[in-house]
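Summary of structural features
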Amino acid sequence: MTASRKLFELCGTETERVFSPFCWRTRMALAHKDIKAETIPWRFSEKDAIAPHQSDTVPVFIDGETSVADSWAIANYLEGTYPDRPSLFGGEGGRAMGAGC
Ligand SMILES: N[C@@H](CCC(=O)N[C@@H](CS)C(=O)NCC(=O)O)C(=O)O
């Protein structure tokens, strides 16, 4: 079920051209775990759209009733919520390597 999963991603004039490396991180994490999400193109001026999710930056990931902002927080959320999918970190050592990046 992908309809309830959404990802706010930074774009410019062309909505299909999303260009934020932070959003790419989440894209790659979702792809690695084979989790589908609908992209919601988002521009710098559209702060109101993500404010309900307690964020003023993207990526913001919506998973049903849950919303998570920040690419690292999203990676940790995905790892914890979908442990049956391929791991993003390969264990706590890998997670520690990614922390703070
Ligand atoms: N630490 C955040 C950084 C996110 C971030 O800075 N996103 C930028 C896009 S690359 C943004 O949304 N900027 C909006 C703004 O500065 O108004 C993460 O890893 O997700």
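Coordinates for the structure precede this section.
Let us look at the structure shown here. What you see is a predicted model; the values in this text were computed from it and never measured.

All right, on to unusual backbone geometry then. The peptide bond linking Val58 to Pro59 adopts the cis configuration, its omega dihedral lying at 15°. Locating Pro59 in the fold gives a position in the loop between helix 2 (47-50) and strand 3 (60-63). At Asp34, a residue that is not glycine, the phi angle is positive and equals roughly 55°. Take Asp34: it is sitting in the loop between helix 1 (21-32) and strand 2 (38-42). Using a count of 9 C-beta atoms within 10 Å as the deciding quantity, one classes Asp34 as exposed. With a phi angle near 55°, Gln54 is a residue other than glycine that sits in the positive phi range. Here Gln54 is to be found in the loop between helix 2 and strand 3.

When strand 1 (residues 5-10) meets strand 2, the two strands line up parallel, connected through 5 bridges. In the sheet register, Lys6 faces strand 2, and the bridge partner there is Glu38. In this view, the connection linking strand 1 to its parallel neighbour strand 2 by way of helix 1 has right-handed handedness.

Let us now look at the environment of Glu16. Looking at where Glu16 falls in the secondary structure, it is placed in the loop between strand 1 and helix 1. Glu16 sits 50 residues away from Thr66 along the chain, and the two C-alpha atoms are 25 Å apart.

With that out of the way, let us pick up the sheet that holds strand 4 (residues 66-69). Strands sit in the order 2-1-3-4 across an open sheet of 4 strands; the sheet is mixed. If you trace the sheet from one side to the other, it starts and ends with strand 2 and strand 4, each paired once. The average angle at which neighbouring strand axes cross in this sheet is 20°, direction not considered. Summarising the sheet, strand 3 and strand 4 pair through 4 bridges and their orientation is antiparallel. Residue pairing in the sheet places Ile62 in a bridge with Ser67 of strand 4.

Another point: the site of the ligand. By nearness alone, every residue bordering the ligand is listed as Leu10, Ser20, Phe22, Phe44, Thr57, Val58, Pro59, Asp70, Ser71 and Trp72. Partitioned by chemical class, the residues of the shell around the ligand number 6 nonpolar, 3 polar and 1 charged.

As a further point, take the pairing of strand 1. For a regular strand, side chains alternate in direction, first toward one face of the sheet and then toward the other. Both strand 1 and strand 3 contribute to a ladder of 4 bridges, which runs antiparallel. Within the sheet, the bridge partner assigned to Lys6 lies in strand 3 and is Ile62.

Interaxial distance between helix 1 and helix 3 (residues 71-81) falls to 9 Å at its minimum, and their mutual angle equals 10°. Here helix 3 runs roughly parallel to helix 1, going by the angle between their axes. Mapping the contact onto sequence places Phe22, Arg25, Thr26 and Ala29 in helix 1 and Ser71, Ile74, Ala75 and Leu78 in helix 3.

Rules used in this analysis
Residues numbered from 1 in each chain as written. Predicted model: local features only at pLDDT ≥ 70, side-chain atom pairs only at ≥ 80, totals over all residues. Helix = DSSP H or I, 4+ residues; strand = E, 2+ residues; numbered from the N terminus. Buried ≥ 20, exposed ≤ 12 C-beta atoms within 10 Å, placed from the backbone. Pairing = 2+ DSSP bridges. Right-handed = clockwise from strand over helix to strand, strands pointing away. Axes fitted to C-alpha atoms, helices over the stretch in contact; angles between N-to-C directions. Near = placed C-beta within 6 Å. Nonpolar A, V, L, I, M, F, W, Y, C, P; charged D, E, K, R; others polar. Parallel < 35°, antiparallel > 145°, perpendicular 65-115°, else oblique. Contact = placed C-beta atoms within 7 Å.

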